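Okay, here's what each chain looks like letter by letter:
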Amino acid sequence: SESASESASGSGSDEDDKDKDKDDEDDEDSDWGSGDSDSSSSDGEYDPQNRRSRWLVKKDDAKDKSAKEKKKKTDKPATVTKTDKKEAVVQQKPEKITDYSTENIIKRLKEIIESRGRKTTQDIMGQLQDLSDHTTLSSLKLNIHLNMIAALFDMSKLSSMTVLPLESWNEAYSNLKLCVEMIETDDKPFELDLKEDEEGEGAEDKDQNEAKKQEKQEKNKELIFENLCSFIERLDEELYKAYQFTNYLTAEYLDRLRDERKLANLIKKLYDYFEKGGDSQKAFLVRTAYKRLEHTYYKLDSLVEKLNAEAARNTEMVDYYEEQDIRVNVPIWADIILQHGDDQKKSRALMMEIYHRALHNDFHTARDLLYMTNLTEKAPKFGLSMQVLFNRTVVQLGLAAFRLGLFPEANAFLQELYSQASRFKECLGQGFIGRRFETLEKEERKRVIPYHHHINLELLECVHLTVAMVLEIPNIASHPHDNNKKVINKTFRRFLDGYSRLLFVGPPETKRDTIMTASRALRKGDWKTACDMILDLKVWKMTQNIAEAKEMITQKIKEAALKTFLHEYSPLYNALSNESLASLMNLSISEVQGIISKMIISGDYEASWDQPTGTLLAHKEEVTKFQYLALQLAEKANICIENNEKLADAKVGSFKKDEDKSGKRYPGGNRGGSYRGGRGGGRGSSRGGRGGSGSTRGKRRYDQLPGGGKRREQQV
């Protein structure tokens, strides 16, 4: 303590330093015991208890020390961090506007835009709504509502797996609808540019040139149009995600279906506005036309008429009208996209048009569009969503061919999809396979299309198997001993083979079992049983024109039964009457004669008509099972002989082209000039090369062997 006082007096420091040193000394004294212990130690007396107590801290002294430390911390100036600054900015409330002039509103709007991300969406929406209520300028109000829509999308961190809440979606839709109505009714929503500097230069500057003013106005107009199109696409994307992640069996899904019509009508208004704008607005016209096409291509004309009739009865459903004349408008929208759109939109628009034409039974035009545009090669280049749309288009073409009675074309379109039987749901975007990793499962879930876009899989399976049955059963009957000689539909043949191996066959339980049982009856020529079993399936109620579809299926089964009967039972008859065949199959005489004539011309059936008597003379001689097996044995024996000859040639060599001047043949030449007879050689050496004529060198080496060339010739 004496040294501390001397150093303090000698240094000449100020009074604050002295007070600080005194406080430190007092702290040390309080911490390390009383002055008695010091004096006792200084006297040189050795007391163990006093020495130990000097180094011990008392409880009261520890409490005093902790209180002093707390006091020091409170006396220190507080440091402000970055997070504290942000919180202070957020908590700092903006000053209330007393004068709602245009300049003050613009200034406040810029402040609100800059505070996005730091303030809550509700605060921003309240302030923007207040500004909108106190402004009368249409251009300023339009920009305020556009910023309100952008703030609604910032409400939560949206991702591909999260959906915008319904209330936020409805509020964004109402603001967007107000913006579209403003640009439709008012001609002055583009005069004010909010991105100009604060001095007010721009549209209100009287000294500015009119040309520059017009140019800035056009830029502002394009910016507003870009925002409108982007917000409509974003709303549509959020609605699409809501359909993906909502259970289609709930009432919520049905309620959200109405939102689609509201949004489609809003897109229609914007499309009509851009259509009047001319060439300067073609880019925005393409985007709105593409959205209209997406909302319309999968719908039937008859369904649209029913929905519009129901909406006309209810005055509250003004916003729920469907598109009119969609069969006329869909090709128009597709043409606009093909003229001014990018490659991906062009390809998708073509597929949507093909899908729509096939849905309305315009099969030949849709098929020609598919083949002429070469979409089969372009589809894999644009990702999985394009491939899903392509698969759906091909399936719809197959269904259209079935409805028109074009069974070979329908089989060609449907067979490729059903070759991947375990993944056809995934190929159509109507299901996904559970993956081990969550990220892969999320990616597959995003590719699933909404339920009201689905193609009925039960109907698709029945159509595919019915078409295959009508084509395959006569084909099997024409080759009774070799069923694998000509296969039309491998999937149906596999199902039929598995069904025929069953030891006990009970009544059919599934649709596939029903069709397999009908195929057995058709194989015997019993068309009535086959028709009854096929037409009793309830799935035909989901097809268009049910009565016409059932009549067409019955006709096709009768024709297949006639062909099967001729192949199976014609060897038992010398002649068949035209009238008896017609009565047996419940067909007209002209139909029977036409079917059989086509079979004779194509070579499927060997027979001729006797015109005076109206009978069919069969020329085909039925081969018995024994004869068929004997022919197979002869063919296999020939194949075995040919294989042995090839092996012998490879091991021994060939002697057809290699003869010397004396007429003797030597190994070498074509297959080698060696003792071992290789694969032929240019020099014909002792091992043989790869081709050419044999040399005398190979001949001499071979003649030097015991037995010479004679033994070799005898072996050959």
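Note that the structure is a prediction, hence the values are computed from the model and not measured.

1. Looking at the overall build of the chain
Thought 1: Assigned secondary structure in the chain consists of 32 helices and three strands.
Thought 2: Buried residues in the chain amount to 38% of all 716 residues.
Thought 3: Long-range pairs, those at least 24 residues apart, make up 60% of the contacts in the chain with a sequence separation of at least 6.
Thought 4: As displayed, the chain offers around 43,300 Å² of accessible surface, 49% of which is attributable to carbon and sulfur atoms.

2. Thoughts on helix H20 (residues 407–418)
Thought 1: For H20, which comprises twelve residues, the first-to-last C-alpha distance of 16 Å matches the rise-based estimate of 16 Å (1.5 Å per residue) to within 8%.
Thought 2: All buried positions along H20 are accounted for by Phe407, Ala410, Asn411, Phe413, Leu414, Leu417 and Tyr418.

3. Details of a nonpolar patch on the surface
Thought 1: On the surface, Tyr248, Leu249 and Tyr451 cluster together to form a nonpolar patch covering roughly 340 Å² of accessible area.
Thought 2: By secondary structure assignment, the location of tyrosine 451 is in the loop between helix H22 (438–446) and helix H23 (457–478).
Thought 3: Judged by its relative accessible area of 42%, tyrosine 451 falls in the partly exposed class.

4. Considering unusual backbone geometry
Across the chain, the bulk of peptide bonds are trans and the bulk of non-glycine residues have phi less than zero.
Thought 1: The phi angle at asparagine 374 is positive, at roughly 60°, despite the residue not being glycine.
Thought 2: With respect to the helices and strands, the residue asparagine 374 is situated in the loop between helix H17 (363–372) and helix H18 (375–378).
Thought 3: Assessed through its relative accessible area of 33%, asparagine 374 is described here as partly exposed.
Thought 4: Despite not being glycine, asparagine 586 shows a phi value in the positive range, around 60°.
Thought 5: Summarising the element assignment, asparagine 586 is placed in the loop between helix H28 (578–585) and helix H29 (589–602).

5. A closer look at the nonpolar core
Thought 1: Leu228, Phe402, Met469, Trp540, Ile557 and Leu566 are the most contacted members of the largest nonpolar core, which has 137 residues in total.
Thought 2: Take this core: its biggest share by element is 13 residues, from H23.

6. Brief notes about the pairing of strand S3 (residues 615–618)
Thought 1: Here three bridges tie strand S1 (residues 575–577) to S3, and the two strands are oriented antiparallel to one another. Counterpart to leucine 576 in the pairing with S3 is leucine 616.
Thought 2: Pairing of strand S2 (residues 607–610) with S3, which is carried by four bridges, proceeds in the antiparallel orientation. Paired with serine 608 across the strands is leucine 617, a residue of S3.
Thought 3: Linking S2 back to S3 in an antiparallel pair, the connection comprises four residues, with glycine 614 at a positive phi of about 65°.

7. Quick look at the environment of valine 470
Thought 1: Here valine 470 shows up in helix H23.
Thought 2: If near-sequence neighbours (up to four positions away) are discounted, valine 470 is found in contact with Phe407, Lys556, Ile557 and Ala560.

8. A closer look at the sheet that holds S1
Thought 1: In space, the three strands of this open sheet follow the order S1-S3-S2, with antiparallel pairing throughout. Taken across any chain shown, the strands that pair with only one partner, and hence form the sheet edges, are S1 and S2. Strand-to-strand twist across the sheet, computed as the mean angle between neighbouring axes with direction ignored, equals 25°.
Thought 2: Running at roughly 140° to S2, H29 makes contact with S2 and S3 of the sheet.

9. Structural notes on helix H16 (residues 343–359)
Thought 1: Between its terminal C-alpha atoms H16 stretches 24 Å, which fits the 24 Å expected from 17 residues at 1.5 Å a residue.
Thought 2: Most of H16 sits out of view: twelve of its 17 residues are buried.
Thought 3: Turning to H16, its buried residues number three or more, namely Ser347, Arg348, Ala349, Leu350, Met351, Met352, Glu353, Ile354, Tyr355, His356, Ala358 and Leu359.
Thought 4: Where H16 is buried, its residues touch helix H13 (282–294), helix H15 (326–340), H17, H18 and helix H19 (384–403).
Thought 5: Looking one or two places after H16, you find asparagine 361, whose phi comes out positive at around 65°.

10. Some details on the packing of aromatic side chains
Thought 1: Following the criterion strictly, the structure yields 16 aromatic pairs and no others.
Thought 2: The interplanar angle of 70° and the centroid separation of 5.7 Å between the aromatic rings of phenylalanine 225 and tyrosine 273 together place this pair among those described as edge-to-face. Linking phenylalanine 225 in helix H11 (residues 210–244) with tyrosine 273 in helix H12 (residues 251–276), this pair joins segments that are 48 residues apart in sequence.
Thought 3: Residue classification places tyrosine 273 among the partly exposed positions, given a relative accessible area of 21%.

11. Description of the packing of helix H9 (residues 138–153) against H11
Thought 1: Where H9 meets H11, the axes come as close as 11 Å, and the angle between the chain directions of the two elements is 35°. Handedness of the crossing formed by H9 with H11: left-handed. The residues of H11 that touch H9, namely those facing Leu142, Leu146, Ile149, Ala150 and Phe153, are Ile224, Asn227, Leu228, Phe231, Arg234 and Leu235.
Thought 2: Class assignment of the residues belonging to the contact of H9 with H11 gives a composition of nine nonpolar, one polar and one charged.

12. Some remarks on the side chain of glutamate 260
Thought 1: Within the secondary structure, glutamate 260 is located in helix H12.
Thought 2: Buried and without a salt bridge, glutamate 260 has lysine 299 as its closest oppositely charged side chain, separated by 4.4 Å.
Thought 3: Apart from the residues within four sequence positions on either side, glutamate 260 is in contact with Leu239, Tyr243, His295, Tyr298, Lys299 and His452.

13. A word on the side chain of threonine 514
Thought 1: Mapping threonine 514 onto the fold places it in helix H25 (residues 511–523).
Thought 2: In this structure the side chain of threonine 514 is engaged in a polar contact, spanning 2.9 Å, whose partner is the backbone oxygen of threonine 510.
Thought 3: Excluding residues that lie within four positions of it along the chain, threonine 514 makes contacts with Pro508, Met533 and Leu537.

14. Let's talk about the confidence of the model for the chain
Thought 1: When pLDDT is averaged along the chain, the result is 76; 69% of the residues meet or exceed 70.
Thought 2: Between residues 25–46, whose pLDDT stays under 50, and residues either more than four places distant or in other chains, the model counts 16 contacts.
Thought 3: Counting interchain partners and residues more than four positions distant, the pLDDT-below-50 stretch residues 75–92 has four contacts.

15. Describing the pattern of salt bridges
Pairs may arise between side chains of opposite charge once their charged atoms sit close together.
Thought 1: In total, this model carries 18 salt bridges according to the counting rule given.
Thought 2: Across the pair arginine 234 and glutamate 238 runs a salt bridge, and its minimum N-O distance is 3.3 Å. Placement of both arginine 234 and glutamate 238 in helix H11 is noted, with a separation of four residues, approximately one turn of the helix.
Thought 3: Close ionic contact of arginine 256 with aspartate 259 constitutes a salt bridge, the shortest N to O distance being 2.8 Å. Of this pair, arginine 256 and aspartate 259 both sit in helix H12, separated by three residues, roughly a single helical turn.

16. As for the packing of H23 against helix H24 (residues 490–500)
Thought 1: For the pair H23 and H24, the least separation of the axes is 9 Å and the interaxial angle reads 75°. One element, H23, and the other, H24, form an angle in the roughly perpendicular class. Between H23 and H24, the contacting residues are His464, Leu465, Ala468, Met469, Glu472, Ile473, Asn475 and Ile476 on the first element and Thr491, Phe492, Arg493, Phe495 and Leu496 on the second.

Conventions adopted
Residues numbered from 1 in each chain as written. Predicted model: local features only at pLDDT ≥ 70, side-chain atom pairs only at ≥ 80, totals over all residues. Heavy atoms only, no water. Helix = DSSP H or I, 4+ residues; strand = E, 2+ residues; numbered from the N terminus. Buried < 20%, exposed > 50% of the residue type's maximum accessible area, 1.4 Å probe, protein only. Contact = heavy atoms within 4.5 Å. Areas by Shrake-Rupley, 256 points an atom, 1.4 Å probe, with all protein chains shown as cover. Expected span 1.5 Å × (residues − 1). Patch = residues over 30% accessible without salt bridge, like charges linked within 9 Å, V, L, I, M, F, W, Y side chains within 5 Å. Salt bridge = Lys/Arg side-chain N within 4 Å of Asp/Glu carboxyl O. Core = buried A, V, L, I, M, F, W, Y, C linked by side-chain atoms within 4.5 Å. Pairing = 2+ DSSP bridges. Axes fitted to C-alpha atoms, helices over the stretch in contact; angles between N-to-C directions. Phe/Tyr/Trp six-rings, centres within 6.5 Å; stacked < 30°, edge-to-face > 60°. Left-handed = near helix turned anticlockwise from the far one by under 90°. Nonpolar A, V, L, I, M, F, W, Y, C, P; charged D, E, K, R; others polar. Lys, Arg positive; Asp, Glu negative; His and termini not counted. Polar contact = N/O pair within 3.5 Å; in protein donor to acceptor, adjacent residues only side chain to side chain. pLDDT = per-residue confidence, 0-100. Parallel < 35°, antiparallel > 145°, perpendicular 65-115°, else oblique.

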